[in-house]
Amino acid sequence: MTNAVASAGLDPITLGDLLRVAGSPGFDRWQDQIRRTGGCSDPIHLTGWTIRKDKTTGETLHRYTTADEPGGRLRVACGNRRASRCPACAWTYAGDTYHLIRAGLAGDDRRDVPATVRDHPRVFATLTAPSFGPVHNRPDRGACRCGARHAPDSPELGTALDPATYDYAGAVLFNNYAGQLWQRFSNRLRREIAARAGITQRELKECARLSYGKVAEFQKRGAVHFHAVIRIDGPDGPDAPPPSWATVDLLADAIRAAAAHSYTSVSAPAAADQPARTFRWGTQLDVRPVKAFGDGSDITEQAVASYVAKYATKAAENTGTLDRRVGELSELERHGVPGHARRLIAACKALDPLYPDRRLWAWAHMLGFRGHFSSKSRRYSTTLGALRQARADYRAAQEHAALGLDDREPDTVLVLTDWQYAGHGHTPGESALAATIARDLQLNRETAREELAALRQEGQQAHE
Ligand SMILES: [Zn+2]
Ligand SMILES: [Zn+2]
């Protein structure tokens, strides 16, 4: 590890601190703590103790206090989902999201989603925002409308061709109303499905259920769009077979109709100099069947889950906005926020008093969007909470085994605890070490993930 750290080219202060940390008596234990957090870059520090006693005899079975830990503290993961804040915790979150989406596509017996969901009609749909004015782009053929041929990483991409006429206000209001637009869409979708099946909405409820898992993504131009896995289940959810009329073609057709229908719209009222606006989805609508394994045009379960997980850890950062609430407009320049994002944030500020219930200024760093980044209908698959619980249970089991408490009935043990928050973060040297730990862990988990995927693929091919 020392080699890896040395090659990272550390400044003398960090290097000096790193040597101090690595040479301190509690270093092994510190490494252990940080490994448990997954290499968290901003761990929470706790002080306190836990005592486990036998309920009947009062005998102390185990005593733990942070007094014996390095610096007298226990470090736990910050749990931030944003990669710009904590890469390690974001990676854990991405992994959880991946499993969540994948369980809804392929089933997962450990998480109560039967593998038969594979036979249910399901598609991967992308619903985009409408246009708020022309932006710099990279067309398949020819040049951008400005005459230039932009490089793929050109900072101009997605920014307004003419900032004077671009509808920044419309763009942030759309983001702000996007969650409601999704709601309208999913209501309409049920109607469209029922109509195609030749039944009423009430009858639809009795024979089928619509499930989805979705994630919000910011396009370069700062408009939010949604990627969603949409699936038709039987009346009791993923365990029940869908009715025979429920096909992928029917579902895809119903999605297209629902997205284009006039019901699928939301209105922002006129206010001061702002006109009344009615928002609908953009014309770019992509609906693709999800296949277990790739065969060309269709998208695979694996690809969908990876894609969704990737976006779950990004907020609006790819537009250059801040990853936290904005205090003053003046701080944007200081943080190097690019002009397009700055104008969108300024639009939130200007509109805030006109639409007080929309809380545009509070959500200015998200360019007005205040929905959830990833969400799902109740019966799509297991919840993130369940995944975290599973991980916590696993750790508790490991600890129990280490303490030799395994052979005792849990309800014969009395647990007394007292914990206090004692700060957060790392010293510069700790920070460098934690980053190395995070990289090692990620590498190991990636290798394990790839091996598992290869095994699954082999298993499937053997079946065919
Ligand atoms: Zn963290
Ligand atoms: Zn251009």
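This text goes with the structure placed above it.
Right, let's walk through the structure included here. If you're wondering where the values come from, they're calculated on a predicted model, not measured in any experiment. (Residues numbered from 1 in each chain as written. Chains lettered and ligands numbered in written order. Predicted model: local features only at pLDDT ≥ 70, side-chain atom pairs only at ≥ 80, totals over all residues. Heavy atoms only, no water.)

## What about the pattern of salt bridges?
Line of reasoning, step 1. Taken as a whole and judged by the stated rule, the model has 11 salt bridges.
Line of reasoning, step 2. Here Arg29 ties to Glu69 by a salt bridge, and the two come within 2.6 Å at their closest N and O atoms. Residue Arg29 is found in helix H3 (residues 27–36), and its partner Glu69 is found in the loop between strand E2 (60–65) and strand E3 (74–76); the two are separated by 40 residues along the sequence.
Line of reasoning, step 3. Among the salt bridges present, the one from Glu192 reaches Arg188, with a minimum N-O distance of 3.0 Å. With Glu192 and Arg188 both in helix H5 (residues 168–197) and 4 residues apart, the pair spans about one turn of that helix. (Salt bridge = Lys/Arg side-chain N within 4 Å of Asp/Glu carboxyl O. Helix = DSSP H or I, 4+ residues; strand = E, 2+ residues; numbered from the N terminus.)

## Some remarks on unusual backbone geometry
Line of reasoning, step 1. The phi torsion at Ala272 lies on the positive side, around 50°, for a residue other than glycine.
Line of reasoning, step 2. Exposure remark for Ala272: the relative accessible area of 73% places this residue in the exposed category. (Buried < 20%, exposed > 50% of the residue type's maximum accessible area, 1.4 Å probe, protein only.)

## Remarks on the nonpolar core
Line of reasoning, step 1. Counting residues in hydrophobic clusters, the biggest one holds 66 residues, and the most contacted among them are Phe185 and Ile230.
Line of reasoning, step 2. Broken down by secondary-structure element, the contributors of at least two residues to this core are strand E4 (122–127), H5, strand E5 (209–218), strand E6 (224–233), helix H7 (248–260), strand E7 (266–268) and helix H10 (339–351).
Line of reasoning, step 3. When residues in this core are grouped by element, the largest group, 14 residues, is from H5.
Line of reasoning, step 4. Aside from chain neighbours lying at most four places away, what touches Phe185 is Leu127, Ile230, Ile255, Ala258, Ala259, Thr264 and Trp281.
Line of reasoning, step 5. Ranked by size, the runner-up nonpolar core spans 16 residues in total, among them Phe124, Val215, Ala305 and Tyr311. (Core = buried A, V, L, I, M, F, W, Y, C linked by side-chain atoms within 4.5 Å. Contact = heavy atoms within 4.5 Å.)

## Observations regarding the coordination of the zinc ion (ligand 2)
Line of reasoning, step 1. Protein-derived ligands of the zinc ion (ligand 2) are His136 (ND1), Cys144 (SG), Cys146 (SG) and His150 (NE2), with the metal-ligand distances lying across 2.0 to 2.4 Å.
Line of reasoning, step 2. Mapped onto the polypeptide sequence, the residues donating to the zinc ion (ligand 2) form the spacing pattern H-x7-C-x1-C-x3-H. (Donors = N, O, S within 2.8 Å, 3.2 Å for Na, K, Ca; no water.)

## A short note on the coordination of the zinc ion (ligand 1)
Line of reasoning, step 1. With distances of 2.2 to 2.3 Å, the protein atoms coordinating the zinc ion (ligand 1) are Cys40 (SG), Cys78 (SG), Cys86 (SG) and Cys89 (SG).
Line of reasoning, step 2. Because the angles between the 4 donor atoms bound to the zinc ion (ligand 1) fall within 105 to 112°, the donor set is best described as tetrahedral. (Tetrahedral: all angles 85-135°; square planar, octahedral: opposite > 155°, others 65-115°.)

## Examining the pairing of E5
Line of reasoning, step 1. For E5, the tally of buried residues reaches 9 of 10 residues, placing the bulk of the element in the interior.
Line of reasoning, step 2. In this sheet, strand E11 (residues 374–376) lies alongside E5 in antiparallel orientation, the contact comprising 3 bridges. Counted as the bridge partner of Lys214 is Ser375 from E11. (Pairing = 2+ DSSP bridges.)

## Section: the side chain of Thr126
Line of reasoning, step 1. Inspection of the secondary structure assignment puts Thr126 in strand E4.
Line of reasoning, step 2. At 2.9 Å, the side chain of Thr126 and the side chain of His227 are in polar contact.
Line of reasoning, step 3. In this view, Thr126 contacts His225, Phe226, His227, Gln284, Leu285 and Asp286; residues no more than four positions away in its chain are not counted. (Polar contact = N/O pair within 3.5 Å; in protein donor to acceptor, adjacent residues only side chain to side chain.)

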